[in-house]
Amino acid sequence: MSRRNALETRPLAGALGAEIPGIDLREAAPDDWSRIREAFLEHLVLFFPGQSLTPTTLAAVGANFGDLAFYPFIEAVDEEPHVIPIVKEAHETKNFGEGWHSDTTYTEVPPKATVLYAVEVPQVGGDTLFANMYQAFESLSPGMRAFLEPLKAVHSSAARRGGGRAEGNEFDGVTFKNRDQPLEAVHPIVRTHPDTGRKALYIDALHTARIDGWSAEESAPVLEYLYRHKSRPELTCRYQWAPGTLAVWDNRAAQHYAMNDYHGHRRSMLRLSIAGDRPV
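Residues numbered from 1 in each chain as written. Predicted model: local features only at pLDDT ≥ 70, side-chain atom pairs only at ≥ 80, totals over all residues. Heavy atoms only, no water.

**Quick look at the nonpolar core**
Working step 1: By size, the foremost hydrophobic cluster in this structure holds 51 residues, and its most contacted members are Leu-16, Ile-74, Leu-148, Ile-189, Leu-201, Ile-203 and Trp-241.
Working step 2: Apart from residues no more than four positions distant in its own chain, Trp-241 is found in contact with Phe-47, Leu-116, Ala-118, Val-121, Gly-126, Asp-127, Thr-128, Ala-247, Arg-267 and Met-269.
Working step 3: Residues Ile-20, Leu-53, Leu-58 and Tyr-117 belong to the second largest nonpolar core, which totals 27 residues. (Core = buried A, V, L, I, M, F, W, Y, C linked by side-chain atoms within 4.5 Å. Buried < 20%, exposed > 50% of the residue type's maximum accessible area, 1.4 Å probe, protein only. Contact = heavy atoms within 4.5 Å.)

Here's what the structure looks like:
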């Protein structure tokens, strides 16, 4: 199989997402990575099935998308300080990321991208949904777009919605840290992508506390409308994981939702953050 065939992208939906089968990312050449990064900007989330990665090789693969970043609230695995475990044991009922969101928007400089690698997944369930925030913004009325563009929103790690660290949940396969140090940041509700120049909606129900300068009560009607709007089915794709699949998504223009429909089964993933830039 030629490299061109190996790197053929298979779109998953009209809105976003593509699978790239037939390539071992550990052996990808510089030209391969150039094309992968182009596909990343075009499709917003890419999936590479059939990988065989350790935490160390996962970090090496992820570094091709940019500098590695640390996640603030979970202890890393022993082998690699940038890689964290995302584990739901069979007896647990809560999971990570159960709600539409971009990762760690409560930090001053949120990650450019997130890399997630499937180690163990249930036979059925545990899919992840993704949504295109370019299209979420562009499909609003001209009046709403003009209203939103000057606004900023307050994002907080203390927001208690959607599971994970913010709700104080415990997970047997994960060790939390810094739980007494909530983080807060203010970002534009509409951010401009630094690579494409396109505008994307940048609020989410897990981390956005209120519109900056507004009360939470005043903010709620606007934010709740946007939360519903940006998760419309035509803006999304859905992916069923298999062990050995690696995903990377653009945290600046895509949001994701981890389905929690596999109680009684174990799901184990490794996650890596790619350093980003301050939203503008």
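There's plenty left to go through after this.
**A word on the sheet that holds strand S9 (residues 184-188)**
Working step 1: Spatially, three strands are ordered S9-S8-S12 in an open sheet, and the strand pairing comes out antiparallel. The sheet is open, and its two edges are formed by S9 and strand S12 (208-211), each paired on a single side. Here the strands of the sheet are splayed against their neighbours by 30° on average, with no regard to which way each runs.
Working step 2: Relative to S9, strand S8 (residues 152-156) is paired through five bridges, and the arrangement is antiparallel. Each bridged residue has a counterpart across the sheet, and for Ser-156 the counterpart in S9 is Glu-184. (Pairing = 2+ DSSP bridges. Helix = DSSP H or I, 4+ residues; strand = E, 2+ residues; numbered from the N terminus. Axes fitted to C-alpha atoms, helices over the stretch in contact; angles between N-to-C directions.)

**Here we look at the pairing of strand S3 (residues 45-48)**
Working step 1: Here S3 shows a buried face lined by Val-45 and Phe-47 and a second buried face lined by Leu-46 and Phe-48.
Working step 2: Pairing of strand S2 (residues 18-19) with S3, which is carried by two bridges, proceeds in the parallel orientation. What sits directly across from Ala-18, in S3, is Leu-46.

Geometry only, nothing functional implied.
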